[in-house]
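Report on the structure
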Amino acid sequence: MDLNSASTVVLQVLTQATSQDTAVLKPAEEQLKQWETQPGFYSVLLNIFTNHTLDINVRWLAVLYFKNGIDRYWRRVAPHALSEEEKSTLRAGLITNFNEPINQIATQIAVLIAKVARLDCPRQWPELIPTLIESVKVQDDLRQHRALLTFYHVTKTLASKRLAADRKLFYDLASGIYSFACSLWNHHTDTFLQQVSSGNEAAVLSSLERTLLSLKVLRKLTVNGFVEPHKNMEVMGFLHGIFERLKQFLECSRSIGTDNVCRDRLEKTIILFTKVLLDFLDQHPFSFTPLIQRSLEFSVSYVFTEVGEGVTFERFIVQCMNLIKMIVKNYAYKPSKNFEDSSPETLEAHKIKMAFFTYPTLTEICRRLVSHYFLLTEEELTMWEEDPEGFTVEETGGDSWKYSLRPCTEVLFIDIFHEYNQTLTPVLLEMMQTLQGPTNVEDMNALLIKDAVYNAVGLAAYELFDSVDFDQWFKNQLLPELQVIHNRYKPLRRRVIWLIGQWISVKFKSDLRPMLYEAICNLLQDQDLVVRIETATTLKLIFLNCSSPVDDFEFRTDQFLPYLETMFTLLFQLLQQVTECDTKMHVLHVLSCVIERVNMQIRPYVGCLVQYLPLLWKQSEEHNMLRCAILTTLIHLVQGLGADSKNLYPFLLPVIQLSTDVSQPPHVYLLEDGLELWLVTLENSPCITPELLRIFQNMSPLLELSSESLRTCFKIINGYIFLSSTEFLQTYAVGLCQSFCELLNEITTEGQVQVLKVVENALKVNPVLSPQMFQPILPCVFRGIIEGERYPVVMSTYLGVMGRVLLQNTSFFSSLLNEMAHKFNQEMDQLLGNMIEMWVDRMDNITQPERRKLSALALLSLLPSDNSVIQDKFCGIINISVEGLHDVMTEDPETGTYKDCMLMSHLEEPKVTEDEEPPTEQDKRKKMLALKDPVHTVSLQQFIYEKLKAQQELLGEQGFQSLMETVDTEIVTQLQEFLQGF
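Below, the structure is looked at part by part.

In terms of regular secondary structure, the protein chain is built from 47 helices and two strands. Compactness check: the protein chain gives a C-alpha radius of gyration of 39 Å against a globular reference of 30 Å for 982 residues, more than 25% above the reference. Oriented by its inertia axes, the alpha-carbon framework of the protein chain measures out at about 120 × 85 × 70 Å. Sequence separation of 24 or more characterises 73% of the internal contacts of the protein chain that already satisfy a separation of 6 or more. Summing over all exposed atoms, the protein chain offers an accessible surface of approximately 44,300 Å²; the carbon and sulfur share of this is 50%. For the protein chain, the distance from the average position of its 86 positive side-chain charges to the average position of its 123 negative side-chain charges is 6 Å.

Next up on the list: the side chain of Glu 789. Turning to its location among the elements, Glu 789 is positioned in the loop between α37 (778-786) and α38 (792-808). Buried and unpaired, Glu 789 has no salt bridge, with Arg 790 as the nearest side chain of opposite charge at 5.6 Å. Look past the residues within four positions of Glu 789 in its chain and what remains in contact with it is Gly 784, Val 794, Met 795, Tyr 798 and Arg 842.

Turning next to helix α34 (residues 710-744). Between its terminal C-alpha atoms α34 stretches only 13 Å, short of the 51 Å expected from 35 residues at 1.5 Å a residue. If you look at α34, its biggest bend is around 125 degrees, right at Ser 724.

In terms of nonpolar packing, the biggest core is built from 345 residues, with Phe 413, Ile 500, Trp 678, Ile 717, Tyr 720 and Phe 740 touching the most fellow members. The dominant element in this core, judged by the number of residues it contributes, is α34, at 17 residues.

Once that is clear, we can look at the packing of helix α29 (residues 624-641) against helix α30 (residues 649-659). Where α29 contacts α30, the axes come no closer than 12 Å and their chain directions differ by 130 degrees. In this view, α29 runs oblique relative to α30, as classed from their interaxial angle. Crossing handedness for the pair α29 and α30: left-handed. When α29 is examined against α30, the residues Arg 627, Leu 631, Leu 634 and Val 638 are found in contact with a partner set consisting of Phe 651, Leu 652, Val 655, Leu 658 and Ser 659. Of the residues assigned to the contact of α29 with α30, the class counts are seven nonpolar, one polar and one charged.

Moving on, we come to the side chain of Ser 659. Checked against the element boundaries, Ser 659 lands in helix α30. For Ser 659, a relative accessible area of 0% puts it in the buried group. A distance of 2.7 Å separates a polar side-chain atom of Ser 659 from the backbone oxygen of Val 655. Ser 659 has contacts with Trp 617, Leu 631, His 667, Leu 670, Leu 671 and Gly 674, leaving out every residue within four places of it along the chain.

Evaluation of the coordinates by the stated rule reveals 40 aromatic pairs. On the numbers, 4.7 Å between centres and 5 degrees between planes, the contact of Phe 470 with Trp 503 is stacked. One end of the pair, Phe 470, is in helix α22 (residues 470-482); the other, Trp 503, is in helix α23 (residues 490-503), and 33 residues separate them in sequence. For the pair Phe 470 and Trp 503, one class covers both residues: buried.

To continue, consider the environment of Leu 570. Considering the arrangement of structural elements, one finds Leu 570 in helix α26 (residues 557-577). The residues contacting Leu 570, other than those within four sequence positions of it, are Cys 521, Leu 524 and Gln 525.

Our next topic: the environment of Pro 665. Relative to the elements of secondary structure, Pro 665 occurs in the loop between α30 and α31 (667-684). Along the sequence, Pro 665 and Ile 242 sit 423 residues apart, while their C-alpha atoms lie 50 Å from each other.

Moving on to the environment of Leu 575. You can see Leu 575 is positioned in helix α26. Taking the C-alpha atoms as reference, Leu 575 lies 8.8 Å from Met 585; in sequence the two are 10 residues apart. In contact with Leu 575, not counting residues within four places along its chain, are Lys 584, Val 587, Leu 588, Leu 591, Leu 609 and Tyr 612.

Closest axis-to-axis distance for the helix α16 (residues 359-373)/helix α20 (residues 421-433) pair is 10 Å, and the angle between their directions is 40 degrees. Taken together, the axis directions place α16 and α20 in an arrangement best described as oblique. The handedness of the crossing between α16 and α20 comes out as right-handed. Note on element contacts: α20 touches α16 through Thr 423, Leu 424, Val 427, Glu 430 and Met 431, opposite Tyr 359, Leu 362, Thr 363, Cys 366, Arg 367 and Val 370. Here the contact of α16 with α20 is built from residues that sort into seven nonpolar, two polar and two charged.

Let us look at α30. For α30, every residue scored as buried is listed here: Tyr 649, Phe 651, Leu 652, Leu 653, Val 655, Ile 656 and Ser 659. At its buried positions, α30 is contacted by α28 (607-619), α29, α31 and α32 (690-694).

A covalent bond between the sulfur atoms of two cysteines is referred to as a disulfide. Overall, the coordinates contain zero disulfides when judged by the stated rule. A disulfide-free cysteine, Cys 121 has its sulfur positioned 20 Å from the sulfur of Cys 182, the nearest such atom. You can call Cys 121 buried: its relative accessible area is 11%. The closest cysteine sulfur to the non-disulfide-bonded Cys 408 is located on Cys 320, 9.7 Å from its own sulfur. Overall, the relative accessible area of 2% leaves Cys 408 in the buried class.

This part is about unusual backbone geometry. Following Cys 121, the chain continues to Pro 122 via a peptide bond in cis, the omega torsion being 5 degrees. Along the polypeptide, Pro 122 turns up in the loop between α6 (103-120) and α7 (128-135). The peptide bond linking Leu 863 to Pro 864 adopts the cis configuration, its omega dihedral lying at -5 degrees. If you trace the backbone, Pro 864 turns up in the loop between α41 (849-860) and α42 (868-872). One non-glycine residue, Asn 599, lies in the positive phi region at around 50 degrees. Mapping Asn 599 onto the fold places it in the loop between α27 (581-598) and α28. A positive phi angle is found at Asn 825, which is not glycine, with a value near 55 degrees. Its place among the elements puts Asn 825 in the loop between α39 (810-824) and α40 (828-841).

Turning our attention to the pattern of salt bridges. Under the definition given, this model contains 45 salt bridges. Among the ionic pairs, Glu 228 bridges to Lys 231, the shortest N-O distance being 3.0 Å. A salt bridge links Lys 873 to Glu 837; the shortest N-O distance between them is 2.8 Å. Separated by 36 residues along the polypeptide, Lys 873 in the loop between α42 and α43 (874-888) and Glu 837 in helix α40 bring together distant segments of the chain.

Together, Glu 386, Asp 387, Glu 580 and Asp 582 make up a region of like negative charge exposed at the surface. Along the chain, the position of Glu 580 falls in the loop between α26 and α27. By relative accessible area, Glu 580 is classed as partly exposed at 38%.

The rules we used
- Residues numbered from 1 in each chain as written.
- Predicted model: local features only at pLDDT ≥ 70, side-chain atom pairs only at ≥ 80, totals over all residues.
- Heavy atoms only, no water.
- Helix = DSSP H or I, 4+ residues; strand = E, 2+ residues; numbered from the N terminus.
- Rg over C-alpha atoms; globule rule 2.2 N^0.38 Å.
- Contact = heavy atoms within 4.5 Å.
- Areas by Shrake-Rupley, 256 points an atom, 1.4 Å probe, with all protein chains shown as cover.
- Lys, Arg positive; Asp, Glu negative; His and termini not counted.
- Charge placed at Lys NZ, Arg CZ, Asp CG, Glu CD.
- Buried < 20%, exposed > 50% of the residue type's maximum accessible area, 1.4 Å probe, protein only.
- Salt bridge = Lys/Arg side-chain N within 4 Å of Asp/Glu carboxyl O.
- Expected span 1.5 Å × (residues − 1).
- Bend = angle between axes of the 7 residues up to and from the residue.
- Core = buried A, V, L, I, M, F, W, Y, C linked by side-chain atoms within 4.5 Å.
- Axes fitted to C-alpha atoms, helices over the stretch in contact; angles between N-to-C directions.
- Parallel < 35°, antiparallel > 145°, perpendicular 65-115°, else oblique.
- Left-handed = near helix turned anticlockwise from the far one by under 90°.
- Nonpolar A, V, L, I, M, F, W, Y, C, P; charged D, E, K, R; others polar.
- Polar contact = N/O pair within 3.5 Å; in protein donor to acceptor, adjacent residues only side chain to side chain.
- Phe/Tyr/Trp six-rings, centres within 6.5 Å; stacked < 30°, edge-to-face > 60°.
- Disulfide = S-S within 2.5 Å.
- Patch = residues over 30% accessible without salt bridge, like charges linked within 9 Å, V, L, I, M, F, W, Y side chains within 5 Å.

So yeah, pure geometry; function would need other evidence.
Laid out in structure tokens, this is it:
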């Protein structure tokens, strides 16, 4: 591409590409895409975006195309890679002038230079760093700033490389430029501090920008540029100097307004200081040891004493708390239980920590956290009134604890209390003691203090287990407080029910549950929405934390049932009242927990919810996570309703259809829950319907995904087979068989077994139709048996499939044997003999008793026979039969006779205990199937006797005896013992 002639053309097309008219825009984008691989194109782009007289939008687009081109074509091995000559020219052009007037474009140029540096610096671009260092020294403000901006992005990019050779290069770079970077930062910092008092806002902002950028460079060099940074005096000098600089910058905040650009940049710089310390502690905990004392002193003084008043701000307090937390929790600073096993570095750090965290210091931190930072603020109380749902989301951790003050203070409290619980438990107990009895509703401060202390007691529940008689406290103090209905008492009602939720899995007697359920029913009718939402949360915690049937944690349905109707009705009303997506999801989850707990006993109360869910589903079209919550609720509803869930099909089936359709964008969010809902719907369906059958059209693309959902897909396929094998197989078997054949070639051994189990179930349910439908798969099974499949679990499944065909569809087995004889170019008898021989040899691969009995029945079904091959394998057939007898026969101690333990009677009913879920419709179908299955209806003992008797009649006494002589005498003796009485 000739630069002179091309520049005009490229400029014109770039101008068209900035158009809002798609008719102009699209052809321009196509043209630019074609030019991407043309030699000289990026040189033209460089000329365009460095020409400050051109339109900003055009220059911006040129920068973006150049930047994207680096990712695609700069590497030598890339298709259509740029020539070394052009790259050399481009590198030189990029660092010729640092004079870009537009901030956004300057940033993009700095980023693209960093991208090139990642690939070429220092080997192909040794002049980059020296040029940047010289450029940041110039007196021209604009050039200096742009060079410093580029210096930062280059340093950041090089610091992020992780290969050993790249790390070594960065270490060398850091060693070479660290001294310069420190002096540069100090220079700009001192300049800023001198200018703060001048009142020249533009000059202050300019020097502060340079201070911030140079500190960003130093951060990357300090954290990533040294293997053992504590051995470098300059590094440690810089880190020790941070605390004094921080004090200076915090003091500057007094003279800088609270609402301007300077203030924003100042706070960013202060936060960056703390990030340097946090990153260094994270990456080099032992190198940080000399800084532990100073860091703790600084952070505690600014956060927990009057020193910080008037200069600290929320994000800075959060960072200081994170610093304290990381030092307290750092595993590198925790000695082993046996002190002698700890490293000297660990013991040194631990010693510094212990010396700092004295009783007075810990007490002051604990008291200040509770009485100052835990107090609900005016802003929070206003939000409670104006946006109760928004307040609830904030309170339940809408923001990460690392960045938001309230969760950060709570996490710090938990960590310090856990680490120093012996010291702090008496402090918190004393605070509790002073708050006994009711609080004057007119004294808002006293109410907020009690709220804060209760918060601390909830957070420290596990640590206070042995120190608080929670059951007595609940009855004597907390329960009466829940009954105070005054509006000003609502923070305490909400806090008390939250507190109970924290203790429910720690210490709460089962006998007290009815009293708690009564209180929850009352609170769910509270005038305040926040109290009701918090109450719902505690109810959820009761269900989630009381799952194990052990002592006080056992959930007793009989205790809960008297309150079920009231609670379910009130929760449903709450679901209708709340408007925020997050809150609706939360309340739905609580409803799901209730339904899951009481199962079928929910049936009388779900009518209103069933009518409301379609409306909520429609309203939540843009909120996929809420739809996931609806799917979860539907799963529990279907399980609770059982066969009655068929009444939900007009709503339920379209929901399943949409959620499991991979051509619909929402499937990315809904698929997992949608498949689970599909499965439970099938399991609880009393009969097939055309609509339920039609949904299976979604399955083929799902099988092609070969995703983590495959296991559930196989369960769904089995569900259809058990529900209506004939209709299902006639409609879908051809396509399903094709999908299975493709899957068997590409999935894991476990996946192959799942596919084969589907075929096995189909053969069990419908032995006449299934072999024909799955005919393309059966030769693969036959071949696997003949060739001695090496994976035992696969071989076991092969034999299970073939056993079904042989036992239950003899004519199909004969045609399959004939087909395989042609494929193997062998006689049918010879192939049959090989199969029987391999079957006998691999019998130990089969571990399931049902399959072992099936194998015996299947091979015995070949008798009586005058076929010489079968007679030749007679010994093996008898061996397997006797093994089967050992598996299934149990002795009646009264009569001394043997009975086949796998035989099932129509009279047997499944015994369900109170703790167990009632059988699903699919469980009942499986039971009915078992009553028709030869494995459960044919006595192996009698079957052997009848087959041997028929063989004897066929061959005559002498011929039969000759055949029996081929069997080991010990096996014959065992056989005779089992057949006594026949």
